[in-house]
Amino acid sequence: MNTHAPTAGAPIDRASLPALFAPREPDTHKGSFGTVGVVGGGPGMTGAALLAARAALKTGAGKVLVGFAQESSPMACDPQQPELMLRDARSLLDTDWGVSAWVAGCGIGTGALAANALSELFVLRKQTPLVLDADGLNLLSTGDIQANWGPGPVVLTPHPAEAARLLGVSAAQVQADRPDAAWRLAQRFQCWVVLKGAGTVVCHPASGLRINTSGNPGLATAGTGDVLAGMLGSLLAQKLPLEQAVPGAVWLHGAAADALVARGIGPIGLTASELADAARALRNGR
């Protein structure tokens, strides 16, 4: 195992992501673009799961289901995005909905209900791609849910503090050498790692390491990580190649923020919920 981070490859930019802008064939239907399952949104954090789910839908997923990590769903319908199918995590995980990619952890909390939901998800997902974010990463760092870690593509999306918990170091140490920290995580868990921050690092043990070129300080606000997780799940559900889907979502997320700032929206006061519409426009060539 190579524990030393390789030299970064080509920067992540628009020109390197042709799959992100490939036109859709006319004879497609919602099943052609996959189903995203979002597991998160514990008590007081319902919005985190909704931000991820809305982003997944607006970046092209055919269907999106949300399982809230609560005893029952806190809402029957999302009035802002009624296309989303809402339920509690138990009913989502107990039924085969044909999920093509999972997004887990956004606002899920770290209690027993959250840990049990993630453990069950790890077992049932088999080879289905999984994006693990936020408190899902914090639960992973405790080791309580690692016993159920299974095969199949996984994307971890830590910010520096979450990466530090996973590595058992300080956030300052992570920031001192971000490529090295991301690479060590990718090696340890044998998965994709998206280390968020200025110059987001994307790496995988078999695919090397790249640095993203898009984004601005407008992303330094609550909920933008949830939006990124939803975008990742969406592109994975649409079956973009992993080498395009993971860096593609990272670039699209930052480019959406750049497009908003260019229109005079932020960077100060830019909100996470504004990103999905801007990302949709970019994917459609606008």
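Rules and cut-offs
Residues numbered from 1 in each chain as written. Predicted model: local features only at pLDDT ≥ 70, side-chain atom pairs only at ≥ 80, totals over all residues. Heavy atoms only, no water. Buried < 20%, exposed > 50% of the residue type's maximum accessible area, 1.4 Å probe, protein only. Helix = DSSP H or I, 4+ residues; strand = E, 2+ residues; numbered from the N terminus. Arc of directions from axis to C-beta. Contact = heavy atoms within 4.5 Å. Pairing = 2+ DSSP bridges. Salt bridge = Lys/Arg side-chain N within 4 Å of Asp/Glu carboxyl O. Core = buried A, V, L, I, M, F, W, Y, C linked by side-chain atoms within 4.5 Å.

*Asks:* Looking at this model, I keep getting lost on helix H10 (residues 275-283). Mind explaining?
*Replies:* Residues spaced three or four apart along an α-helix face the same direction, because each turn holds 3.6 residues. Residues of H10 that are buried: Leu275, Ala276, Ala278, Ala279, Leu282 and Arg283. Projected onto a plane normal to the axis of H10, the buried residues spread over an arc of 160° and lie on a single side. Where H10 is buried, its residues meet helix H1 (46-58), helix H8 (224-237) and helix H9 (242-262). At the C-terminal side of H10, Gly285 shows a positive phi close to 80°.

*Asks:* Help me out: how do you make sense of the pairing of strand S3 (residues 85-88) in this one?
*Replies:* Where a strand is regular, its side chains alternate between the two sheet faces. Of the two faces of S3, only one is covered, namely that formed by Leu86 and Asp88; the face formed by Met85 and Arg87 stays uncovered. Relative to S3, strand S2 (residues 63-68) runs parallel, the two sharing four bridges. Each bridged residue has a counterpart across the sheet, and for Gly67 the counterpart in S3 is Arg87.

*Asks:* What is the right way to look at the pattern of salt bridges in this model?
*Replies:* Oppositely charged side chains are able to pair whenever their charged atoms sit close together. Evaluation of the coordinates by the stated rule reveals seven salt bridges. As a salt-bridge pair, Asp78 and Arg54 come within 2.8 Å of each other at their nearest N and O atoms. In this pair, Asp78 is assigned in the loop between S2 and S3 and Arg54 in helix H1, connecting sequence segments 24 residues apart. Here Asp78 matches Arg54 in class, with each residue buried. The shortest N-O distance in the salt bridge between Glu120 and Arg90 comes to 2.4 Å. Here Glu120 is found in helix H3 (residues 112-124), whereas its partner Arg90 is found in helix H2 (residues 89-93), with 30 residues between them in sequence. Classification of Glu120 by relative accessible area gives partly exposed; the value is 22%. Three or more residues joined by partner-sharing salt bridges are found here, namely Lys58, Asp277 and Arg280.

*Asks:* Hey, could you run me through the environment of Thr110 in this one?
*Replies:* Summarising the element assignment, Thr110 is placed in the loop between strand S4 (101-104) and H3. Along the chain, Thr110 and Leu139 lie 29 residues apart, while their C-alpha atoms are 6.3 Å from each other. Setting aside residues up to four positions removed in sequence, Thr110 forms contacts with Asp135, Asn138 and Leu139.

*Asks:* I would appreciate a short explanation of the pairing of strand S9 (residues 208-211) in the present structure.
*Replies:* Pairing geometry for strand S8 (residues 201-204) and S9, over four bridges, is antiparallel. Of the residues in S9, the one forming a bridge with Cys203 is Leu209. The antiparallel hairpin formed by S8 and S9 contains three residues in its connecting segment.

*Asks:* Is there a simple way to explain the nonpolar core in this structure?
*Replies:* A general tendency of soluble globular proteins is for nonpolar side chains to be buried together. In terms of nonpolar packing, the biggest core is built from 55 residues, with Val36, Val38, Val64, Val103, Val155 and Leu275 touching the most fellow members. Of all the secondary-structure elements, those providing two or more residues to this core are strand S1 (35-40), H1, S2, S4, strand S7 (192-195), H8, H9 and H10. Tallying contributions element by element places H9 first for this core, with ten residues.

Worth remembering: the numbers are spatial, not functional.
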